[in-house]
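Each chain, written out:
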Amino acid sequence: MDAIDKKILMLLQQDAKQNTKEIAEKVGLSVSPTFERIKKLEQKKYIKNYVALLDASKIGKSISVYCQVTLAVHSRELIDDFKQHILVLPEVTGCFHVSGNYDFLLKVAVNDMNEYQKFIIEKLSVIKGISNVQSSFVMEEIKNDFAYNL
């Protein structure tokens, strides 16, 4: 990956709806080589997907919660089971296996406290092997950037 590829990736992170012609003008290439570079970046999985970032409050997901989950035992079976359960929970928008004082960090988006309570009681607490869950509620979003600085 060279400097032009990095510039293309930065531009796509800013606005993935830009067409190839617009990107080509900004990186100083013609359309055809720019298109080929983008295709190679996609094929090599530098670009994993194209998505629309939504305003959570406008779609009724006004509460963001980070859950620190600790498992009772660190066995392969329990970890794999936990991961499989989390993958199908639509409230969980991020799941990270981490080191430190807890095992997993979950990012959860819900409409209100009642929905969060229902999520905890009916979905999270029924997963085998969880020994502790600590929740931190986002009071104000200062920065939530998905772009990497290249």
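Residues numbered from 1 in each chain as written. Predicted model: local features only at pLDDT ≥ 70, side-chain atom pairs only at ≥ 80, totals over all residues. Heavy atoms only, no water.

Novice: What is the right way to look at the state of the cysteines in this model?
Specialist: For the structure on display, the rule yields 0 disulfides. Free of any disulfide, Cys67 has its nearest cysteine sulfur in Cys95, 10 Å distant. With relative accessibility at 0%, the residue Cys67 sits in the buried group. (Disulfide = S-S within 2.5 Å. Buried < 20%, exposed > 50% of the residue type's maximum accessible area, 1.4 Å probe, protein only.)

Novice: Please explain helix 5 (residues 113-124) as it appears in this structure.
Specialist: Each turn of an α-helix holds 3.6 residues, which means side chains three or four residues apart point in the same direction. Among all positions of helix 5, only Glu115, Tyr116, Phe119 and Leu124 are buried. An end-on view of helix 5 places all buried positions within 100° of arc, on one side of the element. In helix 5, the exposed positions that point more than 90 degrees away from the buried face belong to Asn114 and Lys118. Here the buried face of helix 5 lies against strand 1 (63-71), helix 4 (76-87), strand 2 (92-97), strand 3 (104-110) and strand 4 (130-137). Of the residues flanking the start of helix 5, the one acting as N-cap is Asp112, its side-chain oxygen 3.2 Å from the backbone nitrogen of Asn114. (Helix = DSSP H or I, 4+ residues; strand = E, 2+ residues; numbered from the N terminus. Arc of directions from axis to C-beta. Contact = heavy atoms within 4.5 Å. Polar contact = N/O pair within 3.5 Å; in protein donor to acceptor, adjacent residues only side chain to side chain.)

Novice: It is not clear to me how the nonpolar core should be interpreted in this structure. Could you clarify?
Specialist: Core analysis: the largest hydrophobic core is formed by 19 residues, its most contacted members being Phe82, Ile86, Leu106 and Val108. Those elements that provide at least two residues to this core are strand 1, helix 4, strand 3 and helix 5. For this core, the element with the highest residue contribution is strand 1, accounting for 5 residues. Ile86 has contacts with Val92, Cys95, Leu106, Leu124 and Ile127, leaving out every residue within four places of it along the chain. Counting residues in each nonpolar core, the second largest holds 9 residues, with Leu11, Val27, Ile38 and Ile47 among its members. (Core = buried A, V, L, I, M, F, W, Y, C linked by side-chain atoms within 4.5 Å.)

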